[in-house]
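Now for the letters of each chain:
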Amino acid sequence: MNFKLAIILLIIVSAIISCEDTPPENYIPQTYVEGFLLVDQPIEGIRLFTTQSVSDSFNYSESIIRNAEVRIIDENGNLYDLQFRDSINDYFYPGNETVLPKTKYKLEIDPGDGNLITGETITPQRFEWVESPKDIIHYPKDTLALDEVDSLGISWNNSAGTLWYMIQVKCLDTLDYGIYLNDIDDEELNRRIERPFGQNSRYWTDPSRYVGPLANTELPTVWNTFKWYGKHELKIYAPDFNMLRWFIHMQRASYYEPLLGSIEGAIGVFGSASLISDEFFLIKNQK
């Protein structure tokens, strides 16, 4: 009786297994493109990678594509052949040309496998500061140490056609603090502002912080972006649609969504932005 029951169970299990899909054995890599053109900046920052199977240990160096033919073509037919740069692993144009506003640029890539990869972007218009950051600002706010008129606000005029903006705050020196000030010991090191997020996370160690997208052109300085005191750089980006949706995608999703990409023949993004920037010093109020 037990033997007959074992045979029946074996037949049922075999039937169930035979109905399942065969697990994939061969991973097919894809080409990943990430490139942004910045108005009034050199033509650079085009990066190419080969995706790797999740069953293998990720190797950044092995994923980089270094020998592709990469070119940028503007709306007037000017062609820029890019070269690979080992120092930062990107493709760049070695000439003096800079990216123009309100101009269509096309990206063409031949990775050497017979597959042409393309992308297009129209660069946004230039814009300017209305009220740039103060040279020295305080955190935490200490009314005894601040000037009589304390304004933490920043504002800028609208980049024509831009509906959303992105803000980047970057600490330029996470170690030295006192060397910038006359009344503080030169050997005093920077002190990180305490935050509740994990100290071993990328967010904790990355000197940059992005805020956005923002639909307005003025706001107060965002205090919770600061992880260090000292010298900082503030950038406001007016992104094209490709860069905007990529930014939202990377901030909110843990997977690649093809509908949010802007590359034909591969995966990834080719976008552009106009930007303004300024530097300021975030000062300690307490000794």
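Data block above holds the structure.
Chemist: What am I meant to see in the side chain of Ser262 here?
Modeler: Looking at where Ser262 falls in the secondary structure, it is placed in the loop between helix H4 (241–252) and strand E16 (267–283). In this structure Ser262 comes out as buried when scored by relative accessible area, which is 13%. One polar contact links the side chain of Ser262 to the main-chain amide nitrogen of Phe270, over a distance of 3.0 Å. The residues contacting Ser262, other than those within four sequence positions of it, are Thr118, Gly119, Asn242, Arg245, Gly268, Val269 and Phe270.

Chemist: Explanation requested: the sheet that holds strand E3 (residues 69–74) in the structure shown.
Modeler: Picture the strands of a sheet paired through backbone hydrogen bonds; they go either parallel or antiparallel. Spatially, the four strands line up as an open sheet ordered E4-E3-E7-E8, and their pairing is antiparallel. On the outer flanks of this sheet lie strand E4 (79–81) and strand E8 (117–122), each paired with one strand and no other. Averaged over neighbouring strand pairs, the angle between their axes works out to 20 degrees when direction is ignored. Where E3 lies against E4, three bridges are found, and the strand directions are antiparallel. Residue Ile72 lies in a different strand from E4, and its bridge partner there is Tyr80.

Chemist: Mind showing me how you'd approach the packing of aromatic side chains here?
Modeler: For any two aromatic rings, the description comes down to two numbers: the centre-to-centre distance and the angle of the planes. On inspection of all chains with the given rule, the structure shows 11 aromatic pairs. Consider the rings of Phe49 and Tyr60, whose centres lie 5.7 Å apart with planes at 50 degrees: the pair is tilted. On the criterion of sequence distance, the pair formed by Phe49 in strand E2 (residues 47–50) and Tyr60 in helix H2 (residues 60–63) is long-range, its members being 11 residues apart. One residue, Arg85, lies across the ring of Phe92, its end atom 4.3 Å from the ring centre.

Cut-offs and rules
- Just so you know, the residues in each chain are numbered from 1, in the order the chain's sequence is written.
- For this predicted model, a pLDDT threshold of at least 70 governs which residues receive local features, and a threshold of 80 or more governs which side-chain atom pairs are given and counted, while totals over whole chains, interfaces and linings are taken from all residues.
- Each side-chain value is worked out from all heavy atoms of the structure, with water and hydrogens disregarded.
- Here a strand is any run of E in DSSP of at least two residues, a helix any run of H or I of at least four, and the numbering for each starts at the N terminus.
- For every residue, the accessible area obtained with a 1.4 Å probe (protein chains only) is divided by the maximum for its type, and the residue is called buried under 20%, exposed over 50%, and partly exposed between those limits.
- Any N or O atom pair separated by 3.5 Å or less is treated as a polar contact, with the protein-specific requirement of one donor-capable and one acceptor-capable atom, and with residues adjacent in sequence counted only for side-chain atom pairs.
- Throughout, a residue-residue contact means that at least one pair of heavy atoms, one from each residue, lies within 4.5 Å.
- Pairs of strands are assigned from DSSP output, requiring at least two bridges between the strands.
- Axis definition: a line fitted to C-alpha atoms, over the contacting stretch in the case of helices. Angles run 0 to 180 degrees between N-to-C directions.
- For Phe, Tyr and Trp, where Trp contributes only its six-membered ring, two rings pair if their centres lie within 6.5 Å, and the inter-plane angle classes them as stacked under 30 degrees, edge-to-face over 60, or tilted in between.
- Remark: a charge is flagged as sitting over a ring if the NZ atom of Lys or the CZ atom of Arg is within 6 Å of the ring centre and within 35 degrees of the ring normal.

These figures come from the coordinates and say nothing about function on their own.
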